[in-house]
Amino acid sequence: MRRGTQQDSEDRSPCLRGVILDLDGLLIDSETWSWQAHNAALTANGERPLALPEVRQLVGLSGNDEWQRLLTLRPLKVEPTVYAGAQEAAFKALRACQMRPLAGVDDLLAAVSRNELLLALASNSGSSSIHETLAMLGMADRFDAVISCQDVARGKPAPDVYCLALARLGLRANQGVAVEDSNVGLAAATAAGLRCLAVPNDLTATQDFSQAHRIFTDLHGVAAWLTMEAGQSVA
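Note that this is a predicted model, so its numbers are computed, not measured. (Residues numbered from 1 in each chain as written. Predicted model: local features only at pLDDT ≥ 70, side-chain atom pairs only at ≥ 80, totals over all residues. Heavy atoms only, no water.)

So, the sheet that holds strand β2 (residues 118-122)
How we decide: When DSSP finds two or more bridges between a pair of strands, those strands are recorded as paired. Put simply, DSSP H or I for four residues or longer makes a helix, DSSP E for two residues or longer makes a strand, and each gets a number counted from the N terminus. Residue contacts are defined here by distance: any two heavy atoms, one from each residue, within 4.5 Å place the two residues in contact. For every element, the axis is a line fit to its C-alpha atoms; helices are fit only across the contacting stretch, and the angle between N-to-C directions ranges from 0 to 180 degrees.
Here six strands make up an open sheet; going across it, the order is β3-β2-β1-β4-β5-β6 and the pairing parallel. In this open sheet, the two edge strands, each paired with only one partner strand, are β3 (145-147) and β6 (214-215). Sheet topology places strand β1 (residues 18-21) next to strand β4 (residues 176-180); four bridges connect them, and they run parallel. Opposite Leu21, over in β4, you have Val179 as the bridge partner. Strand contacts of helix α6 (residues 127-137): β2 and β3, with the helix running at about 135 degrees to β3, the strand carrying the most contacts. Strands β1, β2, β3 and β4 of the sheet are contacted by helix α7 (residues 160-169), whose axis makes an angle of about 160 degrees with β3.

With respect to the side chain of Glu54
This is how it is decided: By the criterion applied in these results, polar contacts are pairs of N or O atoms within 3.5 Å in which, for protein atoms, one can donate a hydrogen and the other can accept it, and in which residues neighboring in sequence qualify only through two side-chain atoms.
By secondary structure assignment, the location of Glu54 is in helix α2 (residues 52-55). Engagement of the side chain of Glu54 in a polar contact is seen with the backbone nitrogen of Ala51, the distance being 2.9 Å. Non-local contacts of Glu54, meaning those with residues more than four positions away in its chain, are made with Arg48, Pro49, Leu73 and Arg74.

Quick notes on the packing of helix α1 (residues 30-44) against helix α4 (residues 80-98)
Using the following cut-off: When describing relative orientation, an angle under 35 degrees is termed roughly parallel and one over 145 degrees roughly antiparallel, while 65 to 115 degrees is termed roughly perpendicular and anything else oblique. In a left-handed crossing the near helix is turned counterclockwise from the far helix by less than a right angle, and in a right-handed crossing that turn is clockwise. Charged residues are taken to be Asp, Glu, Lys and Arg, nonpolar residues to be Ala, Val, Leu, Ile, Met, Phe, Trp, Tyr, Cys and Pro, and polar residues to be all remaining types, Gly included.
The interhelical angle for the contact between α1 and α4, taken along N-to-C directions, is 135 degrees, at an axis separation of 8 Å. As summarised for this structure, α1 and α4 are arranged oblique, according to the angle between their axes. As α1 runs across α4, the sense of the crossing is right-handed. Contacts between α1 and α4 involve Ser30, Trp33, Ser34, Gln36, Ala37, His38, Ala40, Ala41 and Leu42 from the first element and Tyr83, Ala86, Gln87, Ala90, Phe91, Leu94, Arg95 and Gln98 from the second. Its residues placed into classes, the contact of α1 with α4 shows 10 nonpolar, six polar and one charged.

Focus on the confidence of the model for the protein chain
Quick note on the threshold: The score called pLDDT rates the predictor's confidence residue by residue, from a low of 0 to a high of 100.
Residues of the protein chain with pLDDT of at least 70 account for 93%, and the chain-wide mean is 92. Here residues 1-13 scores under 50 on pLDDT; set against residues more than four positions off or in separate chains, the count is 35 contacts.

Quick word on unusual backbone geometry
Between Lys156 and the following residue, Pro157, the backbone shows a cis peptide bond with an omega angle of 20 degrees. Among the structural elements, Pro157 can be located in the loop between β3 and α7. A positive phi angle, close to 55 degrees, is found at Glu116, a residue other than glycine. Topologically, Glu116 is positioned in the loop between α5 (105-114) and β2.

Listed below in structure tokens is the structure:
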């Protein structure tokens, strides 16, 4: 696997014109909040909390996919909508007091702006959650397109959110690059024909990122790569 510090001819694209970002676990530490919120909801329903190896199985999933995987881990008898309501309430409480961008987000957004790249967000989260988060971060006006799982027939790992993001930006797949923190998102991006830069976090570090175009330890590295790639595209 090539690491983010390496450079070679295959980095060169016809013209890099846009970047499509994931949200949860990439721009904010929401996957940790989701873990804590699940544990609050599980405890309220008489079940033991999820351990780290178990919660790693939920990362990147949403809706019914996440619920079905959770049922393989805990024999919940509660209605899905009731459980989801409890988990969402706990998540929003955590988000309200812990909301801040992860390291390198400002550097990444500056690189996108400096290099005049289009910017989209493609997330497995719901539309209201995404827009609330962007407003809280002061980033509501930074994206040219925002795609949620509710805008498409299938969420990640299906490519739908990325295909729609490309369409909204007016780009072909070889004109853009995706940035993801999970192999679920990586699968979605590559299925849409995009190169994907991976930035694993503590919850996704053990996942398989062998299909990623590059792997970075943080978004500072992604910002530097975008600047280099944008320069090559116009050279």
